[in-house]
Amino acid sequence: MQRALLTLLIAASYLLFAGGPPWTRLVLWGIAALAAAAAPRALMHLPRRDRILDMALLALLAGTALQAVPLPAAVVQLLSPGSSLVRTASQFSLGTPAVRSTLSLNATATLHALSASALAVVTFWIARASFRTGGTRHFVRLLGAMAGVFTAHAFVLRTAFPGLLMGMVRPDTRSANPMGPRRHRLARGSASPGTQPSGQWQ
């Protein structure tokens, strides 16, 4: 059951933009919670050989969370001397400096990143617990098959909806290309030696 939910979590992560939009992360966290609840004892069993790795992952999450915690302005200035100038310039703030601020210039975005990072860590723990008794090779083959299907799916959507993500969502920036840079049709010819190819990426 846990492996089936893990497979669903990976597939849903692809279909829901890897948890980028906040609302999609709620769905992914729900699936992760079900996967964790399917075998809680296996998930809570932390192998001795992996303790350093687990502590490093927790330290990463704690460090990310610390950046969104309001701290005294003097502490922020000590840890990040140039942050006040950047904050003033980016936020066009002309008033009295705040008594407390965060190390992050955008605490909300940092919390979103923390949520996505924590989801990745939990997914790793679920996978480790699920494959403790074997079955890794079979699951990797399944992932390979899923990757092939998702690749074909991406090319179909790229052709049918070139300006949309997953054929549904338009990027915030109009110049953004959901599938990466693409050469203009006038620039498909090869360039002669010593010259730059004509055309632009779009």
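Before reading further, recall that the structure is shown in the block above.
Computed from a predicted structure; not experimentally measured. (Residues numbered from 1 in each chain as written. Predicted model: local features only at pLDDT ≥ 70, side-chain atom pairs only at ≥ 80, totals over all residues. Heavy atoms only, no water.)

Caption draft 1: Just the packing of helix H1 (residues 2–15) against helix H7 (residues 107–130), in detail. Taken N-terminus to C-terminus, the directions of H1 and H7 make an angle of 145°; their axes are 10 Å apart at the nearest point. Relative to H7, the crossing made by H1 is left-handed. On the side of H1, the interface is formed by Gln2, Arg3, Leu6 and Leu9, while H7 contributes Thr123, Ile126, Ala127, Ala129 and Ser130. Among the residues forming the contact of H1 with H7, the class breakdown is five nonpolar, three polar and one charged. (Axes fitted to C-alpha atoms, helices over the stretch in contact; angles between N-to-C directions. Helix = DSSP H or I, 4+ residues; strand = E, 2+ residues; numbered from the N terminus. Left-handed = near helix turned anticlockwise from the far one by under 90°. Contact = heavy atoms within 4.5 Å. Nonpolar A, V, L, I, M, F, W, Y, C, P; charged D, E, K, R; others polar.)

Caption draft 2: Geometry of the nonpolar core. In terms of nonpolar packing, the biggest core is built from 24 residues, with Leu6, Leu28, Ala32, Leu43 and Ile126 touching the most fellow members. Within the residue set of this core, elements represented by two or more residues are H1, helix H2 (22–38), helix H4 (51–66) and H7. Ranked by residues supplied to this core, first place goes to H7 with nine residues. Not counting residues up to four positions away in its chain, the partners in contact with leucine 6 are Thr123, Ile126, Ala127, Phe131 and Phe139. (Core = buried A, V, L, I, M, F, W, Y, C linked by side-chain atoms within 4.5 Å. Buried < 20%, exposed > 50% of the residue type's maximum accessible area, 1.4 Å probe, protein only.)

Caption draft 3: Here's a closer look at the side chain of threonine 24. Among the structural elements, threonine 24 can be located in helix H2. Contact partners of threonine 24, with chain neighbours within four places excluded, come to Leu16, Phe17 and Gly19.

Function cannot be inferred from these measures alone, as they are strictly geometric.
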